[in-house]
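Listed here are the chains, written in short residue letters.
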Amino acid sequence: MNAGLWNRKYIFLIVENVLICFSFYMITTILTTYLVGIGISMSWAGTVVGLFSITSLIIRPFTGYITDNYNKKYLLVYGCFFVAIAIAGYVLTSSLSIIVVFRIIHGIAFGINSTAIVALASEYIPGDKFNEGIGYLGLGQIIASAVGPGFGVWIMNRYGIQVSFVISAMFSVASVVCMLLFQYEKTVRTQTKRKKIRLDEILSFNVMDYTFIGGVYSFMNGAIASFLVLYAAEKNIMDVSVYFTVCAVFLFLARPISGKIVDRFGIRYVVYPGIILSIVSLVMLANADTLMGIICSAIARSLAQGSVQPSVQAACIKRVGLEKSGVATSTYYLGGDVGQGLGPIIGGFIVGSLGYEGVFYSCIMLMVIALFVFAVRERQGKIGRETAQQGESKA
């Protein structure tokens, strides 16, 4: 383990994560446009886009096992390579069936990448700065999500939509080159060959409380992303897209600061105030009548989410140990996949009966449950530690 957080390999992996995420976010906003432009119906275009999330959700439980038992470096090499192949493949054919195949490949490869990069980076983060290190690693995704879509649209408008896909694929190729240059020795557990994979090797039930909390935040993200524009239009609020820019900025600011707090004082000093601030932000959003009100809710939401999510993700890995960092990460992301997918679906039903405000208040109810889950599990952990200490003192 390297003594300092900002060691060469950790910095290298942050750069790698930025490249991977840029490759993804560059085409998120233009894929549907491209598919419709080549003659695919809107319904099928939506299905193709949604296949990515479905595939990632299906593969997610197995990415942890794969990451923990195979060379993480080469998983990233192969994962980035197949992402590049899939993205380039979108513009090399107009056949719907072949595009579907490329979309499935894209989802599988990206699911493996997102798990492997966290597990690999965890090996180069000092224990006393673990939460801070995970927070900085996640900044790559925030930067890419804030800049990537706009960059992809700008390239499309200036040079053509196919060029956007080519440049996106080149980011993945650059990721492959970077990982080939990365010096890494296989550090997975030596084990005898067996026929069956145990359930605890693909899902970590010990981190389900943190997974649920992360999933609640993803549910909120999916619901807000799906209905905010319509909600603002109903209230005649213009330029609401600035909400997402504000979110990206304050997510960026919150992550490293919250990591320092957790490493120094403990996770409870971030999760409790973070969830409460999230509830406040949702109340603000549900009652906003102006753009400034929506922006204020974005600031509160992002400071809270940028603190809580990386903290519980890091806590998953710390609870199970580095040797099972892959399954801990994939279990955590599984909650995010489910939440992100259910948010728009359930939210759509709620809008029909309770309106857009009803969606935001439903998210508040989930936040209250998440707060209760964290409090119960923390108390159980505290009682467990006290019992162990009493046993040691008697011994």
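Computed from a prediction, not measured in an experiment: that's the story for all the values here.

How do you make sense of the nonpolar core when you look at a structure like this?
A general trend in soluble globular proteins is that nonpolar side chains are found buried together. By size, the foremost hydrophobic cluster in this structure holds 109 residues, and its most contacted members are Tyr90, Phe165 and Ile294. In contact with Ile294, not counting residues within four places along its chain, are Leu228, Ala232, Ile237, Val240, Tyr243, Leu285 and Ala288.

What exactly am I supposed to notice about the packing of aromatic side chains here?
Given two aromatic rings, their pairing is described by the distance between the two centres and the angle made by the two planes. Counting across every chain of the model gives 22 aromatic pairs. Aromatic pair Trp6 and Tyr10: ring centres 5.4 Å apart, planes at 65°, arrangement edge-to-face. Among the residues examined, Tyr10 registers a relative accessible area of 0% and is labelled buried. In this structure an aromatic cluster arises from ring pairing among Phe12, Tyr124, Phe182 and Tyr184. Between the NZ or CZ atom of Lys9 and the centre of the ring of Phe182, over which it lies, the distance is 5.6 Å. Stacked on the ring of Tyr269, the Lys or Arg Arg268 has its end atom at 5.6 Å from the ring centre.

Can you help me understand the confidence of the model for the protein in this one?
Note: predicted coordinates in regions of low pLDDT should not be interpreted at a detailed level. For the protein, the mean per-residue pLDDT works out to 85, and 92% of the residues sit at or above 70. Across the protein, the element-wise mean pLDDT spans from 81 in helix 13 (residues 325-394) up to 96 in helix 11 (residues 268-286). Predicted confidence for residues 386-393 stays below pLDDT 50, and this span has zero contacts to residues more than four positions away or in other chains.

What is the right way to look at helix 10 (residues 242-265) in this model?
Given 3.6 residues per turn, any residue in an α-helix points the same way as the ones three and four places further on. Along its 24 residues, helix 10 runs 34 Å from first to last C-alpha, staying within 8% of the 34 Å computed at 1.5 Å per residue. Of all the bends found along helix 10, the most pronounced is centred on Ala254 and spans about 25°, while Pro256, a proline, follows it within four residues. For helix 10, every residue scored as buried is listed here: Tyr243, Val246, Cys247, Ala248, Leu251, Ala254, Arg255, Pro256, Ser258, Gly259 and Val262. Against helix 6 (130-137), helix 7 (139-159), helix 9 (208-234), helix 11 and helix 12 (291-320) lie the buried residues of helix 10. Positive phi shows up at Gly266, right after helix 10, with a value of about 120°.

Explain unusual backbone geometry here, please?
Trans is the common state for peptide bonds, and a negative phi is the common state for residues other than glycine. We note that Asn236 has phi near 60°; this positive angle belongs to a residue other than glycine. Residue position: Asn236 is located in the loop between helix 9 and helix 10. By relative accessible area, Asn236 is classed as exposed at 66%. Its identity is not glycine, yet Asp239 carries a phi of approximately 60°, on the positive side. Structurally, Asp239 can be placed in the loop between helix 9 and helix 10.

What counts as what
Residues numbered from 1 in each chain as written. Predicted model: local features only at pLDDT ≥ 70, side-chain atom pairs only at ≥ 80, totals over all residues. Heavy atoms only, no water. Core = buried A, V, L, I, M, F, W, Y, C linked by side-chain atoms within 4.5 Å. Buried < 20%, exposed > 50% of the residue type's maximum accessible area, 1.4 Å probe, protein only. Contact = heavy atoms within 4.5 Å. Phe/Tyr/Trp six-rings, centres within 6.5 Å; stacked < 30°, edge-to-face > 60°. Lys NZ or Arg CZ within 6 Å of the ring centre and 35° of its normal. pLDDT = per-residue confidence, 0-100. Helix = DSSP H or I, 4+ residues; strand = E, 2+ residues; numbered from the N terminus. Expected span 1.5 Å × (residues − 1). Bend = angle between axes of the 7 residues up to and from the residue.

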